[in-house]
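# A look at the structure
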Amino acid sequence: MSYMLQRLWIQFQRKRKAAGYTGILIGIIFAYTLLLRSLPDKMYVEQGGEPDCTFDVPVTGTVVKSTEVFAGMSTSQKSAIHLTPGTQAENGTQAGSYQVLCKLFGKIPLKRIPVQEVSKKELLPAGTNIGIYVKNKKIMIIGTGEVTDESGARSEPAKNVVQSGDYILAVNGEPVQSKTQLVEKISFCEGKKIRLKLLRGKKEEIEVSIQPVRSQAGIYQAGIWVRDDIAGVGTLTYVTDTKQYGALGHGVTDADVGSLIDIEKGSIYETTILEIRKGKRGQPGEMSGMINYDDNYKLGTVEENTNVGIYGTLSKMPDELKSASALPVTYKEGIKRGKAQIISSVEGTREAYDIEIEQTDYHSEGNNKGIQFQVTDKRLLEDTGGIIQGMSGSPITQNGHVIGAVTHVFISDSKMGYGIFIENMLEH
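We now turn to the structure provided with this report. (Residues numbered from 1 in each chain as written. Predicted model: local features only at pLDDT ≥ 70, side-chain atom pairs only at ≥ 80, totals over all residues. Heavy atoms only, no water.)

### Some details on the pairing of strand β22 (residues 309–313)
Of all the 5 residues making up β22, 4 are buried; the element is thus mostly covered by neighbouring parts of the structure. Of the pairings in the sheet, the one linking strand β16 (residues 244–247) to β22 comprises 4 bridges and is antiparallel in character. The partner of Q244 across the bridge, within β22, is T313. Sheet topology note: the strand β21 (residues 304–306)/β22 ladder contains 3 bridges and is antiparallel. When the bridges of β22 are listed, T306 appears paired with G309. (Buried < 20%, exposed > 50% of the residue type's maximum accessible area, 1.4 Å probe, protein only. Helix = DSSP H or I, 4+ residues; strand = E, 2+ residues; numbered from the N terminus. Pairing = 2+ DSSP bridges.)

### Focus on the sheet that holds strand β29 (residues 401–410)
Read around the closed barrel, 6 strands run β24-β25-β26-β30-β29-β28, paired in antiparallel fashion. On average, each strand axis in the sheet is tilted by 45 degrees relative to the strand beside it, whichever way the strands run. The sheet contact formed by strand β26 (residues 371–375) and strand β30 (residues 413–421) spans 4 bridges and is antiparallel. Across the sheet, residue Q374 finds its bridge partner in β30, namely M416. (Axes fitted to C-alpha atoms, helices over the stretch in contact; angles between N-to-C directions.)

### Quick notes on the side chain of N305
Checked against the element boundaries, N305 lands in strand β21. Reaching out from N305, the side chain makes a polar contact with the backbone nitrogen of V252 at a distance of 2.8 Å. Of the polar contacts made by the side chain of N305, one reaches the backbone oxygen of I261; its length is 2.8 Å. In this structure N305 touches G251, V252, L260, I261, I263 and I310, once residues within four positions along its chain are discounted. (Polar contact = N/O pair within 3.5 Å; in protein donor to acceptor, adjacent residues only side chain to side chain. Contact = heavy atoms within 4.5 Å.)

Now the structure itself:
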């Protein structure tokens, strides 16, 4: 009996030791992955300058010239690191012919980071409130509803036939481009079924049939809720020396469907903030404004609506910016944890408010949450409780440089927010 217990004890010890080794190995792999994610995949440097090789982790960076990079490499290896001399970078600038070699504790090689040379760039950080109006290219279905017929019976003709997010392309084979056209064609259907040509998703075109109902008002209705335009309040992020602008830091999306609006045209206007609802835990705040659509208040056009912001050309400079100065741009690897500012007009005038940058995610090219920060300015906390809806696009500056723009607020804590790297907006 004692022999069997001894064997069982030995087996238990071996399994525990093996489990311990496995846990250590998993921990090492996890730490290594986090370490790599703390380093950028690409670095920017102004022409003639040197890359900033200081990181927030115990890693040292050394500039490696092209002759050292390519020595002993095959053609496929050279292509893999995108450093073939003379190649063009994504934004049209000449790719750098050197890298930064990163070593843990200055000894263990971790990663080679390609360096891309860019021309010196300055932007005017705006921070002014704007009213935004955009016209959809197509009519978007946002839902279905019930119709009460002449007898008082209720029905939902379009239920399970159309979907939220569908675009209406044509009615009975004839193209439609506005809500007015759609309503007119349904109203005069004379009780006959109508055929809708829909765009579902990005490419799928389908045709469905709906039997409209004659309402108590004597009008034929299909029970479809649609939208062909959208308006709201946001913040202008930057203006270039050629009067090109970027705003919001994220796209204009439909609140009911959540998808990016495919715009036909749009404009931005001066706006007056009428009310500020402070943010609190679990409930983001909001600023409400009045948009005057008179041409005298028009600031410019909206030409692009992208995942990283809206873009266009100013025809008129906001009064608050006429005496403002442009600032140089700092790319993500130059951003430091610590004090920074956001520029916004929540009180009616353009002001800089203190924040603390807590974390940067170098691998956030696909989203707009690369900068995580906390509002520390007592004035802003008193007025808004932190970040509120309508502040999206407020430029973020650090040490006299433009580094990004506010994009999101933490629902659980309105003092916390996210921002997008400025280069993500510039490379749209």
